[in-house]
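These are the residues of each chain, in order.
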Amino acid sequence: MQFTQSKAPFRVAVLSAVTVAGLLFTATSAQAQTQPKAEAPKAATATATPPAPGAELKAPVIAVIDVQKIMQESTASKGITKSFESLRDSYQKEISALEDKLRKTEDELRKQQTVLSPEALATKRRDFEKQVADVQKTVQNRKRALETSLNEAMAVVHKTMVDVVAEISRERGANLVLARQQFVLVDTQLDVTDTVMERVNKKLPQVALNVPKQ
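All values derive from a computational prediction rather than experimental measurement.

Caption draft 1: Spotlight on the overall build of the protein chain. Helix and strand counts for the protein chain stand at six helices and two strands. Going residue by residue from the N terminus, the α and β elements of the protein chain occur as α-α-β-α-α-α-β-α. Considering the protein chain as a whole, with its 214 residues, one finds that 36% of them fall into the buried category. Here the protein chain displays about 13,100 Å² of accessible surface, and carbon together with sulfur accounts for 54% of that area.

Caption draft 2: The packing of aromatic side chains, seen in detail. Overall, the coordinates contain zero aromatic pairs when judged by the stated rule. Lying across the ring of Y91, R142 places its NZ or CZ 5.0 Å from the centre.

Caption draft 3: Fine view of the nonpolar core. The biggest cluster of nonpolar side chains holds 30 residues, and the ones touching the most others in it are I65, I80, V157, M161, V196 and V207. Only β1 (62-65), α3 (67-73), α4 (75-112), α5 (118-172) and α6 (193-203) provide two or more residues apiece to this core. Ranked by residue count, the leading element in this core is α5, at 11 residues. Within the second largest apolar cluster, seven residues are counted, among which are I95, F128, V132 and V135.

Caption draft 4: Spatial organisation of the packing of α4 against α5. α5 packs onto α4 with a crossing angle of 175° between their chain directions and a minimal axis gap of 11 Å. By the criterion of interaxial angle, the relationship of α4 to α5 is roughly antiparallel. Taken together, the residues of the contact of α4 with α5 sort by class into 18 nonpolar, five polar and five charged.

Caption draft 5: Spatial organisation of a nonpolar patch on the surface. Among the surface-exposed residues, I62, L176 and L190 lie close enough to one another that they form a single nonpolar patch of about 190 Å² accessible area. Along the chain, L176 turns up in strand β2 (residues 176-179).

Caption draft 6: Local environment of α5. Look at α5: 80 Å from first C-alpha to last across 55 residues, which is about the 81 Å you get at 1.5 Å a residue. Once α5 ends, the next one or two residues include G173, with phi positive near 70°.

Caption draft 7: Broad picture of the pattern of salt bridges. Counting across every chain of the model gives 12 salt bridges. A salt bridge links D163 to K159, with the shortest nitrogen-to-oxygen separation between them at 3.1 Å. On the criterion of helical spacing, the pair formed by D163 and K159 is a turn pair, its members being four residues apart in helix α5. A network of salt bridges, in which partner residues are shared, links E167, E171, R199 and K203.

Caption draft 8: Quick look at the environment of E106. Tracing the backbone through its elements, the reader meets E106 in helix α4. On a C-alpha basis, the gap between E106 and F128 in space is 7.8 Å, while along the polypeptide they are 22 residues apart.

Caption draft 9: Spotlight on the packing of α5 against α6. Viewed as axis vectors pointing N to C, α5 and α6 meet at an angle of 130°, and their least axial separation amounts to 9 Å. Relative to α6, α5 is oriented oblique. The crossing of α5 and α6 is right-handed. Residue-level inspection shows T160, M161, V164, V165, E167, I168, E171 and R172 of α5 in contact with α6, the latter providing T195, V196, R199, V200 and K203. Per-class residue counts for the contact of α5 with α6 are six nonpolar, two polar and five charged.

Caption draft 10: A look at the environment of Q113. In this structure, Q113 sits in the loop between α4 and α5. Sequence spacing of Q113 and K124 is 11 residues, and the spatial spacing of their C-alpha atoms is 9.8 Å.

Caption draft 11: Just the confidence of the model for the protein chain, in detail. Chain-level statistics for the protein chain give a pLDDT mean of 78 and a share of 73% at 70 or above. Across residues 1-48, confidence stays below pLDDT 50; counting only partners more than four residues off in sequence or on other chains, it has 92 contacts.

Calculation rules
Residues numbered from 1 in each chain as written. Predicted model: local features only at pLDDT ≥ 70, side-chain atom pairs only at ≥ 80, totals over all residues. Heavy atoms only, no water. Helix = DSSP H or I, 4+ residues; strand = E, 2+ residues; numbered from the N terminus. Buried < 20%, exposed > 50% of the residue type's maximum accessible area, 1.4 Å probe, protein only. Areas by Shrake-Rupley, 256 points an atom, 1.4 Å probe, with all protein chains shown as cover. Phe/Tyr/Trp six-rings, centres within 6.5 Å; stacked < 30°, edge-to-face > 60°. Lys NZ or Arg CZ within 6 Å of the ring centre and 35° of its normal. Core = buried A, V, L, I, M, F, W, Y, C linked by side-chain atoms within 4.5 Å. Axes fitted to C-alpha atoms, helices over the stretch in contact; angles between N-to-C directions. Parallel < 35°, antiparallel > 145°, perpendicular 65-115°, else oblique. Nonpolar A, V, L, I, M, F, W, Y, C, P; charged D, E, K, R; others polar. Patch = residues over 30% accessible without salt bridge, like charges linked within 9 Å, V, L, I, M, F, W, Y side chains within 5 Å. Salt bridge = Lys/Arg side-chain N within 4 Å of Asp/Glu carboxyl O. Expected span 1.5 Å × (residues − 1). Left-handed = near helix turned anticlockwise from the far one by under 90°. Contact = heavy atoms within 4.5 Å. pLDDT = per-residue confidence, 0-100.

Right, here's the structure in full:
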């Protein structure tokens, strides 16, 4: 009996599961370190009353904020990142254990391929491929859940930041808020980043990372 063709499918299947797990969790880790870019707050000007036709426009009163700094260095953002990394590491250990189990199953099938009947080997192969598919599905579900929870948590931080910027803009009479990343030099009197950071930390000291159970 010849069953030499069965080796390649087993090996490719395991390699696929391992590669998927490694790449997906590496990509998700990178996302935690570089939070999604947030747009400059617009709430400060959203409720402004349009000038009447022919009315003289007000001179711009500018405020500048480093959005990325708030989104990455605020107390809540750091807590979110820490929780994310902890969950990611936990999931990675789980996936690694499943991968080890697949490798052992592959080794057993390779040893049995010369003694099993074609029907029995085909049955075991189908079972093995189903196990591989289940691992890949688990990886995808874990990745999706982590990304969704991360985005939702960071959205809470972003909304709080926008509310604070709108509050500070009203206090300063600012009618134009710009992102710090757009400029090379900015007068420190225009930069409200530290003030925003202080208030965001006070209003939102932490945000829970709610990952649904799989």
